[in-house]
Protein chains: 2
Amino acid sequence: MEKQTIATHDVDMHEEMRRAFAMLSGKWKLEIMWLLNQRVYRFNELRKAIPGITQHMLTAQLRDLEADGLVSRTIYAEVPPRVEYEMTEKARGLEPTMNALAAWWAEFGSSIPSRTTTRGRKASGQK
Amino acid sequence: MEKQTIATHDVDMHEEMRRAFAMLSGKWKLEIMWLLNQRVYRFNELRKAIPGITQHMLTAQLRDLEADGLVSRTIYAEVPPRVEYEMTEKARGLEPTMNALAAWWAEFGSSIPSRTTTRGRKASGQK
DNA sequence: CTGAATCCATTATGATACTG
DNA sequence: CAGTATCATAATGGATTCAG
């Protein structure tokens, strides 16, 4: 008897996916990947493109992504120094995912509450 | 001249997407949404399905998702009590995204380092 | 037995200053 | 420009306790 996909995905696939979720679960990783999915960015370009992020966090998240093989870091020995971040070949395969996410948001994003970013804020009259 | 999509996405779209990133950036949210995308889950079912998560975190993340209108919570007045978590109509639109993510991982997930979950762990001989 | 709340330790993230 | 260092705060992990 061969095992075949039943509904949408298999239960075992969940096991496999966990690593994928882990490497994308950082607070700014999705946004960073979204940007890098479009073009190559320099450190400060990313910093300016992501309003709330700090240098510390940007550095940390980029290193995480780099360690996971999703982002490559290229240092140019120039003055002033220049460091470019680019998606790796592996990460470029995420484009369909980014497109699907964008399509979803374009369709359902309009019907959204007000929540800012993190939890902790009172859910305003959430009963 | 009409403005048309140039590369993949527009810069302004990034602005719009930020809220989407925020509501999916929780540490376990992607995984929770992945599971709920397949079927309805009870609280403890989710807890068992997500190995590393604690009750505290599961509760918190579910409330976040609920507050963002991605998950609905249904309480059944039974004994023993039962609470089911289900994707909202809005969140169901995420299925293509989940599928794209799964397809990506199926293709590129094999070429992965060892990193466990978070940063901080030495990237085992990573230079 | 299910689900939530509390206390405390550890980690992640935010803010600012400083260096190559 | 591209980080690193340091400290403060928030988020998360772990165990226990509480409520229905």
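The rules we used
- Throughout this document, residue positions are counted from 1 along each chain, in the order its sequence is written.
- Note on labels: chains are lettered from A, ligands numbered from 1, in written order.
- Predicted model: local features are reported for residues with pLDDT of at least 70 only, side-chain atom pairs are reported and counted for 80 or more only, and whole-chain, interface and lining totals are derived from all residues.
- With hydrogens and water set aside, each side-chain value is computed from the structure's full complement of heavy atoms.
- Whether a set of points on the 1 Å grid over the protein atoms alone is a cavity depends on a 1.4 Å probe fitting there but being unable to get out, while an open set qualifies as a pocket with protein on both sides within 12 Å along at least five of seven lines; lining residues are those with an atom within 4 Å of a point.
- Grid points are joined across faces, edges and corners, and a volume is the space filled by probe spheres set on the points.
- Numbering of helices and strands starts at the N terminus; helices are DSSP runs of H or I of at least 4 residues and strands are runs of E of at least 2.
- Each residue is assigned to one of three groups, with Ala, Val, Leu, Ile, Met, Phe, Trp, Tyr, Cys and Pro labelled nonpolar, Asp, Glu, Lys and Arg labelled charged, and all others, Gly among them, labelled polar.
- Our superposition of the copies is a least-squares fit, built on the C-alpha atoms of residues whose pLDDT is at least 70 in both.
- Two residues form a contact once any of their heavy atoms are found within 4.5 Å.
- By convention a nonpolar core is built from buried Ala, Val, Leu, Ile, Met, Phe, Trp, Tyr and Cys residues, the set being connected through side-chain atoms within 4.5 Å.
- When accessible area is computed with a 1.4 Å probe and restricted to protein chains, residues below 20% of their type maximum are described as buried, those above 50% as exposed, and intermediate ones as partly exposed.
- At least two bridges found by DSSP between two strands are what make those strands a pair.
- What counts as an axis is a line fitted to C-alpha atoms, over the stretch in contact for a helix, and the angles between N-to-C directions run from 0 to 180 degrees.
- We call a residue near a molecule or strand whenever a single non-hydrogen atom of that residue lies within 4 Å of it.
- By the criterion applied in these results, polar contacts are pairs of N or O atoms within 3.5 Å in which, for protein atoms, one can donate a hydrogen and the other can accept it, and in which residues neighboring in sequence qualify only through two side-chain atoms.

Regarding empty space enclosed by the protein
Inference 1: With the rule as written, the count across this model stands at three cavities of 30 Å³ or more.
Inference 2: The calculated volume of the largest cavity comes to roughly 120 Å³.
Inference 3: Every residue along the wall of the largest cavity is listed here: Leu 24, Leu 30, Leu 94, Thr 97, Met 98 and Leu 101 of chain A together with Leu 24, Leu 30, Leu 94, Thr 97, Met 98 and Leu 101 of chain B.
Inference 4: Counting residues per element, the ones that place at least two in the lining of the largest cavity are α6 (95-108) of chain A together with α6 (95-108) of chain B.
Inference 5: Classifying every residue of the lining of the largest cavity gives ten nonpolar, two polar and no charged.

So, the relation of the copies chain A and chain B
Related by rotation about an axis and a shift along that axis, the two copies of the chain form a pair.
Inference 1: Superposing chain A onto chain B requires a rotation of 180° together with a translation of 0.0 Å along the rotation axis, leaving an RMSD of 0.1 Å. Given the turn and translation reported, the copies of this chain are related as if by a two-fold rotation axis.
Inference 2: A shared binding surface is used by both copies, with 100% of the interface residues of chain A retained as interface residues in chain B.

A word on the nonpolar core
Inference 1: Judged by nonpolar contacts, the single largest core of 67 residues is most densely connected at Met 33, Leu 70 and Trp 104 of chain A together with Leu 24, Met 33, Leu 70 and Trp 104 of chain B.
Inference 2: Setting aside anything within four residues of it in sequence, one finds Met 33 of chain B in contact with Leu 24, Leu 65, Leu 70, Val 71, Met 87, Ala 91, Leu 94 and Met 98 of chain B.

Digging into the sheet that holds strand β1 (residues 41-42) of chain A
Residues and elements named next belong to chain A.
Inference 1: Reading across the sheet, the three strands line up as β1-β3-β2 and stay open at both edges, with antiparallel pairing between neighbours. Sheet topology places β1 and β2 (71-76) at the edges, where each strand pairs with a single neighbour.
Inference 2: Relative to strand β3 (residues 82-87), β2 runs antiparallel, the two sharing six bridges. Looking at the pairing, Thr 74 lines up with Glu 84 of β3.

Topic: the sheet that holds strand β3 (residues 82-87) of chain B
Residue and element names in this part refer to chain B.
Inference 1: Spatially, β1-β3-β2 is the arrangement adopted by the three strands of the open sheet, whose pairing is antiparallel. Each having just a single partner strand, β1 (41-42) and β2 (71-76) make up the two edges of the open sheet.
Inference 2: Against the sheet, helix α2 (residues 29-36) makes contact with β1, β2 and β3, and its axis sits at roughly 95° relative to β3, the strand it touches most.

Observations regarding the protein's contact with DNA strand D
Inference 1: Near DNA strand D lie 22 residues; those nearest to it are Arg 42, Arg 63, Arg 73 and Tyr 85 of chain A together with Met 57 of chain B.
Inference 2: At 2.7 Å, a side-chain N or O of Arg 63 of chain A approaches a phosphate oxygen of DNA strand D.
Inference 3: Pro 81 of chain A has a polar backbone atom sitting 3.3 Å from a sugar or linking oxygen of DNA strand D.
Inference 4: Contributing elements (two or more residues each) for the surface near DNA strand D: α3 (43-49), α4 (55-67) and β3 of chain A together with α4 (55-67) of chain B.

Description of unusual backbone geometry
Inference 1: In this chain, Val 79 of chain A is followed by Pro 80 of chain A through a cis amide linkage whose omega measures 0°.
Inference 2: If you trace the backbone, Pro 80 of chain A turns up in the loop between β2 and β3.

Considering the environment of Asn 37 of chain A
Inference 1: Among the structural elements, Asn 37 of chain A can be located in the loop between α2 (29-36) and β1.
Inference 2: Along the chain, Asn 37 of chain A and Ser 25 of chain A lie twelve residues apart, while their C-alpha atoms are 17 Å from each other.

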